[in-house]
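Each chain is listed here by its residues.
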Amino acid sequence: MARRLPILLVLAQSVAAVPALGADDLGRWHAGPYSFSDEMGGFTIREISGTGSAEDPVVLIQEMVSASPVTLVVRAEKPVRARDFSGNFAHGFIHMQIVALNNSGLPWLEFEFELQEIVGEPSTFGDGLSFDQRRTETSNISSDRYAEYSRDFEPYDRLIFRNGYTDPLQTATFRIFITDFTPRWEFFLVQDPTVPFS
């Protein structure tokens, strides 16, 4: 536990090229036209930067204190207008780099992300929310710890990273691209590390 703060400090210095902002009074971390919140528990956002474009992705540094699924709440903080990249609107396209510190005490064998428009309900193919579902091959999805990934579009919008591991007190970096062709003002990103069964 004592090693956690130096690791996070090194991460913050090495990952964020732009000055990062802290959380607002509601506990929301702002990046581009969106905010990101750890309000549902199980993990803690430590830092955020970027605008969400391909050239300047949202870089979210988080600490996972549980091996159970956790949910990131994403909200539009500007008016919603699909594909308007002027900077005045939430447009439904977010390039993200999630840096997750494993402080759960267990190794992660796989790591799963799932998008949901309503908490606890699968996001279907037709709702427009996905991990870049319009492209079968994409360079917008990768990880430094996992060599492979698969995407499921029905009945879930799910992304599973495999063929790797993240030991306790190590970090895993995931690059993802969230697309929402019918942008909503709020959606959810469930994160679920797979741990060994005893």
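On a predicted model such as this, the values are computed, not experimentally measured, just so you know.

## Things to note about the side chain of Asn 102
- With respect to the helices and strands, Asn 102 occurs in strand β6 (residues 93-102).
- If we skip the residues at most four places from it in the chain, Asn 102 touches Met 64, Pro 107, Trp 108, Thr 166, Asp 167, Pro 168, Leu 169 and Gln 170.

## Examining the nonpolar core
- Core analysis: the biggest nonpolar cluster contains 36 residues, and Phe 36 and Met 96 have the highest contact counts within it.
- Residue contacts for Met 96: discarding those within four places in its chain leaves Phe 36, Pro 57, Val 58, Leu 60, Leu 72, Phe 174, Arg 175, Ile 176 and Ile 178.

## As for the sheet that holds strand β11 (residues 157-164)
- With respect to topology, seven strands assemble into an open sheet ordered β1-β2-β5-β13-β7-β11-β10, the strand pairing being antiparallel. Both edges of this open sheet fall to β1 (29-31) and β10 (146-152), since each of them pairs with a single strand only. Strand-to-strand twist in this sheet, taken as the mean axis angle between neighbours without regard to direction, amounts to 20°.
- Sheet topology note: the β10/β11 ladder contains six bridges and is antiparallel. Bridge pairing in β11 links Asp 152 to Arg 158.

Scoring rules and cut-offs
As a convention, each chain's residues are numbered from 1 in the sequence order in which they are written. Totals for whole chains, interfaces and linings use every residue, but because this is a predicted model, local features are given only for residues with pLDDT of at least 70 and side-chain atom pairs only at 80 or more, for both listing and counting. Side-chain metrics in this entry use all non-hydrogen atoms of the structure; hydrogen atoms and water are not considered. Strands are runs of DSSP state E lasting at least two residues, helices are runs of H or I lasting at least four, and both sets are numbered from the N terminus onward. Two residues form a contact once any of their heavy atoms are found within 4.5 Å. For this analysis, a nonpolar core means a set of buried residues of the types Ala, Val, Leu, Ile, Met, Phe, Trp, Tyr and Cys, connected via side-chain atoms within 4.5 Å. Buried, partly exposed and exposed residues are distinguished by accessible area as a fraction of the type maximum, computed with a 1.4 Å probe on protein chains only: under 20%, between the cut-offs, and over 50%, respectively. Only strands that DSSP links by at least two bridges are regarded as paired with each other. To obtain each axis, a line is fitted to C-alpha atoms, and for helices this fit is confined to the stretch in contact; angles are then taken between N-to-C directions over 0 to 180 degrees.

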